[in-house]
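Structural overview for review
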Amino acid sequence: MADSDVPRIARRVMELILRHQRKGQRTGDCAHTPCPACRDAHLHRVERYVAAGEPVRMVLPAFPGKSPNTAKVLGVLPDMAERLALDFLSGLTGRIREVYAPGAEILICSDGRVFSDAVGIPDEHITAYQREMQTLIDSLPRPSGLGLFNLEDLPELAGLGHDRMREVLTERYAEPLEQLRKRVRAGEETALYRAITRFLFEDGNTPGYTGSRAALQRDARARAYIVIQRSKAWGDLLADQFPGAVRLSIHPQPCGADKLGIHLVETADNWLTPWHSVALDTGAGGFVLVKREEAEARGAELVREGGRPSHYALRAALAA
């Protein structure tokens, strides 16, 4: 490849990714898609891969495990919501391959083990979720460009108990909680803190919860700091493990941030993810992510595949 082709191809790759950008606060050029400022924040990484003739590597911390609140999800294991997201990611690597032959690799860095204790998901549920995620990835048409990486895949952590794995991660990479609290109180990452608090409150507000809403809110606020702390530690570990990779995020990101927010499945909520929702087949409009209680309130019917709950479908979709 001629050196003069590298910037052009790298820009085409970035434009394909930016079509699915999950935006945070819209400032400056971020009112437009693709956003030049967001593109340029990551372009140099893509250019290095293209110049070397290597697949463009991206890391995506995501797919931790299903929410423990059955008002939001169908169960413990991945279902149609995850399948749609994996199909999208595999399709994205395929579209990149059309403009750049070596293509792209998206390494899904499942962060469920990182903070399962803080979000109320048993470790055995995380194990089952990750195992099924690998099965879904293996079932995709090849080459999918997708891989799965978990905390226990680190050789130095292999064989340790799950609690000890989290302790080692925190010891090596975590920001002190009090320092994080000060930053949030000063207005830094307030949107993320509020979003995580909302998720934790919703996840804890199950039909079996008997405490007060005020107590649940206080608990969610305290745990939100732990989730953010460990998530950032996981991100720093990944930066060490995969230097040079383009860093994706399932959270909305501000213009020009060092991580690029990306949508996985169509949703009306900018924060909703496959593991906090179900897939709803609307018929002509295809699938959209909604909370389980919303799908049922709209009269959607449960669809099973392979003997397991898969998704919901509106009557118009069932009749099609």
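For the structure given in this document, a descriptive report is provided here. Since this is a predicted model, take the numbers as computed values, not measurements.

About the cut-offs
- Residues numbered from 1 in each chain as written.
- Predicted model: local features only at pLDDT ≥ 70, side-chain atom pairs only at ≥ 80, totals over all residues.
- Heavy atoms only, no water.
- Pairing = 2+ DSSP bridges.
- Helix = DSSP H or I, 4+ residues; strand = E, 2+ residues; numbered from the N terminus.
- Buried < 20%, exposed > 50% of the residue type's maximum accessible area, 1.4 Å probe, protein only.
- Core = buried A, V, L, I, M, F, W, Y, C linked by side-chain atoms within 4.5 Å.
- Contact = heavy atoms within 4.5 Å.

1. What about the pairing of strand β7 (residues 287-290)?
As paired strands, strand β6 (residues 278-281) and β7 are joined by 4 bridges and run antiparallel to one another. Residue pairing for β7: Val 278 is matched across the bridge by Val 290. Here β6 folds back onto β7 in antiparallel fashion, the turn holding 5 residues, of which Gly 283 has a positive phi close to 100 degrees.

2. Section: unusual backbone geometry
Residue Arg 142 is joined to Pro 143 through a cis peptide bond whose omega torsion reads -5 degrees. Relative to the elements of secondary structure, Pro 143 occurs in the loop between α5 (123-138) and β3 (146-149). Non-glycine residue Phe 63 carries a positive phi angle of around 55 degrees. One can find Phe 63 in the loop between β1 (56-62) and α3 (80-99). Phi angles above zero are rare outside glycine, and Glu 189 is one such case at about 55 degrees. When you line up the elements, Glu 189 lands in the loop between α7 (177-185) and α8 (190-204). Residue Glu 189 is classed as partly exposed on the basis of its relative accessible area, which comes to 26%.

3. Re the nonpolar core
In this structure, Leu 60, Phe 63, Leu 86, Leu 89 and Leu 264 are the most contacted members of the largest nonpolar core, which totals 88 residues. For this core, the leading source of residues is helix α9 (residues 213-241), giving 10 residues. Setting aside its immediate chain neighbours within four residues, Leu 86 contacts Phe 63, Ile 108, Met 133, Leu 136, Ile 137, Leu 140 and Leu 146. Counting 9 residues, the second largest nonpolar core, distinct from the first, contains Leu 74, Val 278, Leu 280 and Ala 295.

Geometry only, nothing functional implied.
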